[in-house]
Amino acid sequence: MSEPNSHNSSAARLIITLSSDSSLYYAVLAVLVVTYSLIRTLSIAFKPGLSSIPGPVFAKFSSLYRPWKLANGDAPQFYRELHRRYGKIVRTGPKTVDISDPSAVATIYGINTKFLKSAFYDTFSPFYQETVMPSMFSIRDPAQHRALRRPVAQKFSMSSIRAMEPFADECTDIFLDSMRKMEGQVVDLGDWLQWYAFDVIGAITFQRRFGFMEKQEDVPTVHKWLMGNKWVAKLLAAQPFVKIPDPLRTIVKYTQECMDEYDSRPALEHSDRPDFLAWLRGEAAKGKPMSERDLVNHLSNNLLAGSDTTGISLRAIVYFLVKNPRAYKKLQAEVDAANRTGKLSHYVSYAECLELPYPQAVMKEAMRCHPGVSYPLERIVPDTGVKLCGVQLEGGTIVSVNAAVIHHDKSIFGEDAALFRPERWTESDEERVKFMDRHLMTFGYGSRTCIGKNISIMEMGKLIPQLVRDFDIEWASERPEWRVKTFWFAKQYGLICRLRSRKEKK
Ligand code: HEM
């Protein structure tokens, strides 16, 4: 009986000493916290399963390894190099694993997958009326995702997309007119293609162009420090000194202005408009109402998810054509032949461009070589765990595949996987093309695949034939190459070209 009492009294004495001496109290607390963190870090670092996965030593101990390595914007090279050095499965953080194995793609991302998006996606959720508004893209819960996706799915169908073509055509006119005016000059075509993509998506979404092409001004982009860094974003937003432009906020605000403008006009003025806003208002009138918040959410998400991505892909297509004159000539010859035989309208239609096999192959190949999103698409292993690349991973582990890595896989795309060769899509046998298609991750994969894919294929498929029908484009930069900075989006800089009109050649 005496022992517990003596323990109790010495514990009590310790507490009294600690509480009477606050510096000692904090010192003990700090030692406890450090010891706990150390034990936790070591137990995660050497966890069975995870500890057998090869990778850089620092990655085992700290989740700062990736942000540190990715800060220079070289994500595609960084991940390719990791896989070249360590193999198909690489540990990139204490509980994070990157995979480059064709057989893992369907397991992680397939239609009925239980692998949900990781917390990384929270950074992409904008604020609406001061509360976080997860979008169809960023939302993680499957039931909430379905609830967001279902009411708009029809608007992304082929028939709806065809009705949107005039929006792209009006932007094409502005784009091609501007190119004619700048004929022979040195032009940053990268800027123009991005302005074009932003203006088309604005027109498709609310029948309002941003006017970037007319104003020739910079479009809002997500700052690299904010990308994937939820806490940095919060900290920067809270501090009063440096105001970093927040494109998420800008775009939500712009969306609300467009909605107000729509509502201020008589209903008759937009009764047969085929844009998203008019369609969603029409659905509400038919008895399928949508909350104001969801409306803002869908419309702003169109701009956030569909502008940079399409701009980057258009740049990639033009870049690979200009850098590969043989492919350029072949594509131009196919467009010219179709034009001569009356298969192309003044505004090349979506249906017409789908009938041009080589231009379609060029687009696909350019996006394979340069996927607009060249970051790992992170997912969380479900509670049941999973065996990937021969390693048992427990629930909660974050796994990912990066399109920029898997698109270079020689077992899928052949020995020349690193090269731009559109013929791999037109000359390979049917089985091989299907196999390559099954591992193409330009637009994501499976249950969370891009819903706007066909909108961008429509936009790009129409513009490229019109561009090469009217112009010869050549590289005019003093630098031999463009520069790419990847913070989720693989953005290119320095697509400096010169355009010459071909009217006389047609
Ligand atoms: C070339 C152009 C585009 C590319 C390369 C692209 C790429 C992607 C990728 C890779 C994902 C999957 C991301 C992930 O799994 O984490 C995605 C999802 C998504 N994209 Fe796109 N996208 C493009 C155009 C568009 C357009 C034009 C829109 C809308 C108008 C759009 C809307 C979306 C949405 C809403 C999602 C989330 C779908 C879901 O989770 O259900 N995208 N996109």
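Bear in mind the structure is a predicted one, so any value in this text is a computation, not a measurement.

About the cut-offs
- Residues numbered from 1 in each chain as written.
- Predicted model: local features only at pLDDT ≥ 70, side-chain atom pairs only at ≥ 80, totals over all residues.
- Heavy atoms only, no water.
- Donors = N, O, S within 2.8 Å, 3.2 Å for Na, K, Ca; no water.
- Helix = DSSP H or I, 4+ residues; strand = E, 2+ residues; numbered from the N terminus.
- Expected span 1.5 Å × (residues − 1).
- Buried < 20%, exposed > 50% of the residue type's maximum accessible area, 1.4 Å probe, protein only.
- Pairing = 2+ DSSP bridges.
- Contact = heavy atoms within 4.5 Å.
- Polar contact = N/O pair within 3.5 Å; in protein donor to acceptor, adjacent residues only side chain to side chain.
- Phe/Tyr/Trp six-rings, centres within 6.5 Å; stacked < 30°, edge-to-face > 60°.
- Lys NZ or Arg CZ within 6 Å of the ring centre and 35° of its normal.
- pLDDT = per-residue confidence, 0-100.
- Axes fitted to C-alpha atoms, helices over the stretch in contact; angles between N-to-C directions.
- Patch = residues over 30% accessible without salt bridge, like charges linked within 9 Å, V, L, I, M, F, W, Y side chains within 5 Å.
- Areas by Shrake-Rupley, 256 points an atom, 1.4 Å probe, with all protein chains shown as cover.
- Salt bridge = Lys/Arg side-chain N within 4 Å of Asp/Glu carboxyl O.
- UniProt positions renumbered as here; feature names shortened; annotations may be inferred.

**Q** Any chance you could break down the coordination of the iron atom of the ligand for me, citing the residues and the numbers?
**A** Geometry sets the ideal angles at a metal, namely 109.5 degrees for four tetrahedral donors and 90 or 180 degrees for six octahedral donors. For the iron atom of the ligand, the protein contributes exactly one donor atom, Cys450 (SG), at 2.3 Å. Mapped onto the elements, Cys450 comes out in the loop between α23 (430-438) and α24 (453-470).

**Q** Can you lay out helix α10 (residues 189-206) for me, pointing to particular residues and giving the numbers?
**A** Between the first and last C-alpha of α10 there are 26 Å, a value that for 18 residues agrees with the 26 Å anticipated at 1.5 Å per step. Most of α10 is tucked away, with 17 of its 18 residues classed as buried. Once α10 ends, the next one or two residues include Gln207, with phi positive near 55°.

**Q** Which residues make up the sheet that holds strand β10 (residues 398-400), and what values go with them?
**A** The mixed open sheet is built from 5 strands, whose spatial order is β1-β2-β10-β7-β3. If you trace the sheet from one side to the other, it starts and ends with β1 (89-93) and β3 (116-117), each paired once. Bridge count between β3 and strand β7 (residues 379-380): 2 bridges; the pairing is antiparallel. Opposite Lys117, over in β7, you have Arg379 as the bridge partner.

**Q** With reference to specific residues and values, describe the pairing of strand β11 (residues 471-475).
**A** Only one face of β11 is covered, namely the one carrying Phe471, Ile473 and Trp475; the face carrying Asp472 and Glu474 has none of its residues buried. Both β11 and strand β14 (residues 496-501) contribute to a ladder of 5 bridges, which runs antiparallel. Bridge pairing in β14 links Glu474 to Arg498.

**Q** Help me get a handle on the environment of Ala278, residues and values and all.
**A** Assignment of secondary structure puts Ala278 in helix α14 (residues 276-285). Through-space distance from the C-alpha of Ala278 to that of Thr205 is 8.7 Å; in sequence the pair is 73 residues apart. With near-sequence residues (within four places) excluded, Ala278 lies in contact with Tyr262, His270 and Arg273.

**Q** Requested: an account of the side chain of Ser160, with residues and values cited.
**A** As for its placement among the helices and strands, Ser160 is situated in helix α8 (residues 158-163). Among the polar contacts listed, one links the side chain of Ser160 to the backbone oxygen of Gln154, at a separation of 3.2 Å. Excluding its chain neighbours within four sequence positions, the residues that come into contact with Ser160 are Gln154 and Lys155.

**Q** Can you explain the packing of aromatic side chains? Please cite residues and give values.
**A** On inspection of all chains with the given rule, the structure shows 31 aromatic pairs. An angle of 70° between the planes, with centres 5.7 Å apart, marks the rings of Phe120 and Phe124 as edge-to-face. We classify Phe124 as buried; its relative accessible area is 12%. Judged by centre distance (5.0 Å) and plane angle (75°), the rings of Trp192 and Trp195 are edge-to-face. Of the two residues, Trp192 and Trp195 both sit in helix α10, 3 residues apart, roughly one turn of that helix. By way of ring pairs, the aromatic residues Phe120, Tyr121, Phe124, Phe137, Tyr375 and Trp488 are connected into one cluster. Just above the ring of Trp68 sits the side chain of Lys69; from NZ or CZ to the centre is 4.6 Å.

**Q** Before we move on, can you summarise the confidence of the model for the protein with the specific residues and values?
**A** Per-residue confidence for the protein gives a mean pLDDT of 90, with 90% of residues at or over 70. The model gives residues 222-228 a pLDDT under 50, and that stretch makes 19 contacts with residues more than four places away or in other chains. Complex prediction metrics read pTM 0.91 and ipTM 0.99.

**Q** Could you give an account of the sheet that holds strand β6 (residues 186-188), with specific residues and numbers?
**A** Read across the sheet, 3 strands follow the order β6-β14-β11 without closing on themselves; strand pairing throughout is antiparallel. Looking at strand neighbours, the two that pair on one side only are β6 and β11, the edges of this open sheet. Neighbour-to-neighbour, the strand axes of the sheet open up by a mean angle of 40°, direction not taken into account. Where β6 meets β14, 3 bridges bridge the pair, whose relative direction is antiparallel.

**Q** Residues and numbers for the environment of Ile111, please.
**A** Its location among the elements puts Ile111 in the loop between α6 (102-109) and β3. Along the primary structure Ile111 and Ser447 are separated by 336 residues, whereas in three dimensions their C-alpha atoms are 4.3 Å apart. Discounting residues that sit within four places of it in the chain, Ile111 has contacts with Gly446 and Ser447.

**Q** Describe in detail a nonpolar patch on the surface, supporting the description with residues and values.
**A** Together, Leu38, Leu42, Phe46, Val57 and Phe61 line one region of the surface with nonpolar side chains, adding up to about 480 Å² of accessible area. At the level of elements, α2 (22-45) and α3 (57-61) are the ones that each hand at least two residues to the nonpolar patch. Along the chain, Phe61 falls in helix α3. Classification of Phe61 by relative accessible area gives partly exposed; the value is 31%.

**Q** If you had to explain the UniProt feature "transmembrane region" (unreviewed entry) in the protein to someone new, which residues and values would you point to?
**A** UniProt's feature table lists "transmembrane region" (unreviewed entry) at residues 23-39, given in the numbering used throughout. Within residues 23-39, the helical portion is 100% and the strand portion 0%, while the C-alpha atoms at the span's ends are 24 Å from each other.

**Q** Please provide a residue-by-residue account of the pattern of salt bridges, values included.
**A** The full count for this structure, using the stated rule, is 33 salt bridges. We note a salt bridge from Asp470 to Arg180, for which the minimum N-O separation is 2.8 Å. Placement of Asp470 in helix α24 and of Arg180 in helix α9 (residues 165-181) is noted, with a sequence separation of 290 residues between them. The residue Glu474 makes a salt bridge to Arg500 at a minimum N-O spacing of 3.7 Å. Placement of the pair is Glu474 in strand β11 and Arg500 in strand β14, with a sequence separation of 26 residues. Its relative accessible area of 39% is what places Arg500 among the partly exposed residues.

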